[in-house]
Every structure is written in C-alpha cells, then in structure tokens.
Amino acid sequence: MRISVIGCGYLGAVHAVAMTELGHDVVGIDVDATRIASLSEGTAPFFEPELDPLLKSALQSGRLRFSTVAAAASDADVHFLAVGTPQKPDSHSADLTFVDAAFAAVAAVAKPGSLIAGKSTVPVGTAERLAKDLATLTSEVSLAWNPEFLREGFAVRDTLEPDRIVYGVETSAQGEKDVAKLDAVYHEAIKAGTPRLITNFATSELVKVSANAFLATKISFINAIGEIADITGADITELADAIGHDVRIGRRFLNAGVGFGGGCLPKDIRAFAARAEELGRASSLAFLNEVDAINLRQRQRVVDLAVELLGGSVNQRRVAILGVAFKPNSDDVRDSPALAVAVQLKGLGADVVATDPEGIDNARRQHPQLSYEPSVESALDGAELVILVTEWQEYREIDPVSIGSIVAGRIIIDGRNALDPSRWRESGWTYRGLGRP
Ligand code: UDX
C-alpha cells in the first residue's frame, strides 16, 4: 500500500516507521521543518526505545521518505492523520486546530479512491463532522477513524503488535471498501490473530477516550486508597498486590505514587468531561473531574511530605529530584508530575537540582529556572532530601549505601513506591513512600 502519515510526532513518526517495516511505501509529512530534517537523517527528534535503528533501516529500504509539503501525500491510498489534540489554553476541551488543518490539507490533495484514516484522539462527533465536510468537497475520498493505543516507551512494539485494532467506518457499502483497505494495511497483525473490531465513528472515538479514562481512574483509585493507607498504617503496595490477584481487577495500573502525567491521560480525561458537558451530560463524566483532582493532589502530597521531612520549610534547602520525564523510557515532560513537584518546591525557596537520563533538554526548555545535572551523583551531591519521581530502572537500582556519603542528609521520598523500604532504612536512610507505613 502507498501510505501517508500526516503529523510526525510521537505517534506519527512511529506509525510511519512501523508501516514501512510492514512492507508499505510511506511518506511522513509534518509542518515542522526541523523535525522532518531530523527524521530524514535517520534520527528521531525524541527518545523512543527501538525507534532509531528501525527508522534508519526504513529509510535505507527506500520505502520511507519525509516531507513538509502536503502535496507529497497525493499518491497515497491511505492517509493517516496523526497530529496532536492538545488541551486548549483557556478550557478543558481538546484543541482541534491541527486535526482540522491536517484534514483540510490532505483532503485537498487526496486522489480519488483513497481513504483518510484518523488516528488522533478526538472528541466524539469529530469524525462525523469531518465526513460531512469531505462530502462537500468530493465523493471519491472516504473517511475512517482508526484510534491508536500505543504507549510511549513501547511505541514501536505497540504499533507493530497491537493488542486490538479498531476501525470506525461509514455504515454503508463504502464502509466495507474502507475496511478492506485498512485490512490490507494491517495485514500482518490480522494474520497474527490480533482482534479487529469494526464499528461506527462515534464508537471508535469513544473507545479511545474511554480506555484512557479507565486507566486514569484505576490510577486515581489506588492513589485515593493510598491516602487512606497513609493515615491508617496500611501498605498500599501490599494492598494492590492483594486486590490485583482478583483477575476481574488485575494488578496493572495499580501502582500508587505521584500519579499520571504525559501528553495523553490528563488532557484526554479533561477533554472527555468537557465533551460530555457540551453534550448536556456533564453529570455522566463528573467523576473524571474527581479522578483529575485526586491525581493532582498526589503532587501536593509529595511537596507536603518534603516540607515535613525538612522540619517545616524547604527554603534554601537542597533537594535532588530523580526524574523529570512523565514516566521512564521517555523524554516527554508534558504534564510531568516530576516537574510539577520540582517547580513547586523551587517556588517554596528550595535549591532544586533535577536529573533524568533523557528528559533534561525538554525540561530545561519548559523550566529554565530549575538546575539540572546530567548524572545521579552530581544531582545528589550535597542534597538534604532526595525525591524519586520517575522510576527509571537505574534509579530503582541505586545503592543506598554508596550514595549515602554523597548526600548531606539521608532522607528519601519514593514518589513511585519503587524502592525497597527496608533496604534503605537498614542503610541509615529515612524512607517515605506514598501510602506506605
Ligand atoms: C497512555 C495509554 O496507556 C495509551 O494506551 C494511550 O495510547 C496513550 O496514553 P502513555 O501516556 O504513553 O500511554 O503512558 P502510560 O504508560 O499509560 O502512563 C501514564 C502515566 O500514568 C505515567 O505518568 C505513569 O507514570 C502513570 N502510572 C501508570 C501510574 O502512576 N501508575 C500506574 O500504575 C501506571
């Protein structure tokens, strides 16, 4: 298949590379010339494990190219829209400027018989609106919605071996043709037995936001119970293990800590609740506002704990922050809980030094007022308090004995409940997790 991918960020760049890996002929298009130059040279402009080698081999195959011009998509049989839908600056709704612009650009060049397949996470009703717009322009190009469920850090694997494929298509004969086209794109995954669900536009849009809302709710659920554990002496990690054995509940996404961040969960639950309000059903998703509030409270819990552990004030006290990315194996700092904690402590007068294996450049762009150190050792030097906020494997493996002589105070907050409390305490540290006695 000849494929175009409009938008080459975390989602689109990985999708373009994965589609080439599957044997298709692909052009990746983005308005950001720097991003396109970097991708064309074989270097992803962001950190994603496994991506760079695949990008290089895809370019070498001669079946992948990148362009800043929408006209480069004119040859494609299927056009994937993979642009961002960030939160609007002045409300909780999703900003559809990029989706609308990408759609208009590709609709203007799409050849007769081709299919535009949206991958971006959009408010329910968007695909129907775009399909109507498309019908006013041409009857020879069709629209489908094909949501993406990839996780950063596992994006390549999640794209090549998805756990399900969802197509939202028109309920007409055209819809059947569109299914056949998408089947040709995902031939390998379908052959491997990946569940494939064919549904209408609204369902496909809701599948994506519901999945993210469910995951966010699971995390906030365990964090809310963690708040109760904190004041009763229960251990949230043991509790999560115990309830997680119930297969109806499951242990995954029950890790209590500083909460969720990133470019998806926070803005998706806000946009979902905002959309429900627009639809006159605000009460149906009002619980998502609580999920959001619980999540944001976890950041405050860490800050409050820092103040408590330093005797009532962090002013002019040196605090080392381990991790700035919103999660390990990513350099993404969008809505990062780690950075939120660092910024708040800085605002309280703390001398904050942060480190991260991949996220420092992005963090510095967002928060130049913070100090950054490239290594754990240099970040910990003279610290009176250490806060682990992003559970990179190398932070999990830190030896409390050897770093005990670098810091000025052996006090650690484990914001992800990722460390072994007894090991740290036996090495002379004051250890505090979240929801752990
Ligand atoms: C998420 C969805 O998982 C993915 O399916 C969707 O396509 C995009 O949004 P991503 O944003 O990459 O993916 O991150 P994810 O792995 O879901 O983690 C989100 C946040 O939740 C991170 O900040 C992580 O640290 C936090 N988290 C996750 C917890 O606090 N506890 C957990 O148990 C799991």
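Cut-off values and rules
Residues numbered from 1 in each chain as written. Predicted model: local features only at pLDDT ≥ 70, side-chain atom pairs only at ≥ 80, totals over all residues. Heavy atoms only, no water. Near = heavy atom within 4 Å. Polar contact = N/O pair within 3.5 Å; in protein donor to acceptor, adjacent residues only side chain to side chain. Areas by Shrake-Rupley, 256 points an atom, 1.4 Å probe, with all protein chains shown as cover. Helix = DSSP H or I, 4+ residues; strand = E, 2+ residues; numbered from the N terminus. Nonpolar A, V, L, I, M, F, W, Y, C, P; charged D, E, K, R; others polar. Domains from an automatic or database assignment. Expected span 1.5 Å × (residues − 1). Buried < 20%, exposed > 50% of the residue type's maximum accessible area, 1.4 Å probe, protein only. Arc of directions from axis to C-beta. Contact = heavy atoms within 4.5 Å. Core = buried A, V, L, I, M, F, W, Y, C linked by side-chain atoms within 4.5 Å. Buried area = accessible area lost by both parts, 1.4 Å probe. Salt bridge = Lys/Arg side-chain N within 4 Å of Asp/Glu carboxyl O. Pairing = 2+ DSSP bridges. Axes fitted to C-alpha atoms, helices over the stretch in contact; angles between N-to-C directions.

Draft legend 1. Geometry of the site of the ligand. Close contacts around the ligand come from 20 residues, with F149, L150, E152, N255 and K327 the closest. A distance of 2.8 Å separates an oxygen atom of the ligand from a polar backbone atom of N255. With the chains in place, 92% of the 670 Å² that the ligand exposes on its own is no longer accessible. Sort the elements by how many residues they give to the shell around the ligand and helix α9 (residues 201-232) lands first, with four residues. Class assignment of the residues belonging to the shell around the ligand gives a composition of 10 nonpolar, four polar and six charged. Summarising the domain contributions, the shell around the ligand has at least three residues from each of domain 1 (2-199) and domain 2 (234-433).

Draft legend 2. Examining helix α5 (residues 126-137) more closely. The end-to-end C-alpha separation of α5 is 17 Å, in line with the 16 Å expected for 12 residues at 1.5 Å each. Here α5 has its buried residues at T126, A127, L130, A131 and L134. Viewed end-on, α5 has its buried residues packed into an arc of 130°, placing them on one side of the element. Facing away from the buried side of α5, by more than 90 degrees, are the exposed residues K132, A135 and T136. Here the buried face of α5 lies against α4 (97-109), β5 (115-118), β6 (142-145) and α9.

Draft legend 3. Spatial organisation of the nonpolar core. L64, F80, L182 and Y186 are the most contacted members of the largest nonpolar core, which has 40 residues in total. For this core, the element with the most residues is helix α1 (residues 10-21), which contributes eight residues. Residues contacting L64, with those up to four places away along its chain left out, are A16, V17, T20, V26, L55, A58 and L59. Counting 30 residues, the second-largest nonpolar core is a separate cluster that includes V302, V303, A363 and I387.

Draft legend 4. Seen up close, the domain arrangement of the chain. Entries for the chain in the domain assignment read domain 1 (2-199) and domain 2 (234-433). A straight line from the C-alpha centre of domain 1 to that of domain 2 covers 33 Å. Listed by partner, the interface residues are 17 residues for domain 1 and 19 residues for domain 2. Across the interface of domain 1 and domain 2, roughly 1500 Å² is buried in total on both sides, 50% from carbon and sulfur atoms. The interface formed by domain 1 and domain 2 includes one salt bridge. Two residues, E152 and R334, come together in a salt bridge whose shortest N-O distance is 3.3 Å.

Draft legend 5. Highlighting the pattern of salt bridges. Under the counting rule described, the total for this entry stands at 30 salt bridges. A salt bridge links K267 to D268; the shortest N-O distance between them is 2.9 Å. Across the pair, exposure class does not vary: K267 and D268 are buried alike.

Draft legend 6. Layout of the pairing of strand β7 (residues 165-168). Alternating residues of β7 divide into I165 and Y167 and V166 and G168, and every residue in both groups is buried. Pairing geometry for β7 and strand β8 (residues 196-199), over four bridges, is parallel. From the neighbouring strand, V166 faces β8, where its bridge partner is L197.

Draft legend 7. How the structure looks around the sheet that holds strand β14 (residues 430-432). In spatial order, the strands read β11-β10-β9-β12-β13-β14; together these six strands make up an open sheet with parallel pairing. Unpaired on one side and paired on the other, β11 (371-372) and β14 mark the two borders of the sheet. Note: strand β10 (residues 351-355) against β11, two bridges, orientation parallel. Its bridge partner being in β11, A354 is matched across the sheet by Y372. Sheet strands touched by helix α12 (residues 286-309): β12 (385-388), β13 (411-414) and β14. Its angle to β13, the strand with the most contacts, is close to 165°. Relative to strand β9 (residues 318-322), helix α13 (residues 337-347) is tilted by about 170°, and along the sheet it contacts β9, β10, β11 and β12.

Draft legend 8. Unusual backbone geometry, seen in detail. For F253, which is not glycine, the phi torsion reads 65° and is therefore positive. The topology assignment puts F253 in the loop between α10 (236-244) and α11 (265-278). For F253, a relative accessible area of 34% translates into the label partly exposed. Phi is positive for N329, close to 60°, though the residue is something other than glycine.

Draft legend 9. The arrangement of the side chain of H24 in detail. Here H24 is to be found in the loop between α1 and β2 (25-29). Taking the relative accessible area as the measure of exposure, H24 reaches 6% and is therefore buried. Looking at H24, its side chain comes within polar contact range of the main-chain oxygen of V185, at 2.9 Å. Apart from the residues lying within four places of it in its own chain, the contact partners of H24 are M1, I3, M19, R63, A184 and V185.

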